[in-house]
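Here's the letter readout for the chains.
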Amino acid sequence: MKNYTILVPQGAEYHAVCRGLKRAHDSTSLVIAIPVGSKPLTTYLHKLQAQNQLPDLSAQVLLMGLCGSLNPKYSVGDVVLCLDCLYQGNLLECDRSLNAEIYSSYSDKVTIVKSLTSNRVICSAAEKRYLGESSGADVVDMEGFAALNFFHQLGVSIAILRVVSDDCHHNIPDLTSAISADGSLKPLPLTMKLISQPIAATRLIRGSLRGLKVLAEVTTSLLE
């Protein structure tokens, strides 16, 4: 049985991982709900550190959650393991031995990719494809680089395992304004954004539900 400290964005993603963990009957791994976005996550982790509330750092850290595709090869429901993460021209690598361990036990269902971290939701299909082509990244998230940067400084092994919830062929609603400065979702602005773009919202919701289902399944498989 693996022993991980799992970081996952608060809300639906966190609950999906917890469901998967429960099905795996894993009592050793710890799941921590984190804020959405790089700056809120960095602030949160430094606060835990200052208060001596960081989890057991002898355990390997695994960042999980959903992501967006920047490459036509990756579709909704695909499970990806990040080789590295790019942010504003800076590149950090995930732990190679931890990646190899995860890949060896899940190689039939996971693909190794390059990741990009963004400070905002990338909602335009055209921008997704442009970012993919210009950066060489396959997927985009909002927390990867911040997590790598923090735990690298502590000498802690960390990997990033995510599930694609939106592809690079369609637009999704711009939810950036629905994310508060502390990394939590604001229900009313979120609802208004979804209502204002019903077709894109329906596609986002369907993709998210599919992604969350796979996220729970991969958690169970990984921790059994």
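One structure accompanies this document, and this report is about it. Residue indices begin from 1 for each chain and proceed along its sequence in written order. The model is predicted, so local features are restricted to residues of pLDDT at least 70 and side-chain atom pairs to those at 80 or more, both for listing and for counting; the totals for chains, interfaces and linings are taken over all residues. Only hydrogens and water are set aside when side-chain values are computed; all heavy atoms of the structure are taken into account.

Moving on, we get to the layout of surface pockets. Buriedness for pockets is judged along seven lines, at least five of which must meet protein on both sides within 12 Å for an open set on the 1 Å grid over protein atoms alone, while cavities are sets there where a 1.4 Å probe fits but cannot get out, and lining residues have an atom within 4 Å of a point. Grid points are joined across faces, edges and corners, and a volume is the space filled by probe spheres set on the points. Of the voids in this model, the largest pocket is the one considered here, and its volume is about 770 Å³. Surrounding the largest pocket, 32 residues form its lining, Glu 13, Leu 66, Leu 175, Leu 204 and Ser 208 being those nearest its centre. Every helix listed is a DSSP run of H or I at least four residues long, and every strand listed is a run of E at least two residues long, numbered separately from the N terminus. When residues of the lining of the largest pocket are traced back to their parent elements, those giving at least two are α1 (12–24), β3 (60–69), β7 (139–141), β8 (158–166), α6 (187–196) and α7 (198–223). With four residues, the top contributor of residues to the lining of the largest pocket is α7. When the residues that make up the lining of the largest pocket are grouped by side-chain class, the tally is 19 nonpolar, six polar and seven charged. Polar here means any residue outside two lists: the nonpolar Ala, Val, Leu, Ile, Met, Phe, Trp, Tyr, Cys and Pro, and the charged Asp, Glu, Lys and Arg; Gly therefore counts as polar.

Moving on: unusual backbone geometry. For Asn 52, which is not glycine, the phi torsion reads 55 degrees and is therefore positive. When its relative accessible area of 72% is taken as the criterion, Asn 52 is described as exposed. Unusually for a residue other than glycine, Gln 88 sits at a positive phi of about 50 degrees. Here Gln 88 shows up in the loop between β4 (79–87) and β5 (90–93). The rule is simple: take the accessible area with a 1.4 Å probe, protein chains only, and divide by the maximum for that residue type; under 20% is buried, over 50% is exposed, in between is partly exposed. By relative accessible area, which is 61% here, Gln 88 ends up exposed.

On to the packing of aromatic side chains, then. Aromatic ring pairs: the centre-centre distance and the angle between the two ring planes describe each pair. Ring pairs are drawn from Phe, Tyr and Trp, using the six-membered ring of Trp, whenever the two centres fall within 6.5 Å, and their geometry is named by plane angle: stacked under 30 degrees, edge-to-face over 60, tilted for the rest. Tallied over the full model, the rule gives two aromatic pairs. Relative to Phe 145, the ring of Tyr 87 has its centre 5.4 Å away and its plane inclined at 35 degrees; by these criteria the two rings are tilted. Here Phe 145 lies in helix α5 (residues 144–153) and Tyr 87 lies in strand β4, a separation of 58 residues in the sequence. Residue classification places Tyr 87 among the buried positions, given a relative accessible area of 14%. With relative accessibility at 11%, the residue Phe 145 sits in the buried group. Look at Phe 150 and Phe 151: their rings are 5.1 Å apart centre to centre, the planes differ by 85 degrees, and that puts the pair in the edge-to-face class. The exposure class assigned to Phe 151 is buried, which follows from its relative accessible area of 2%.

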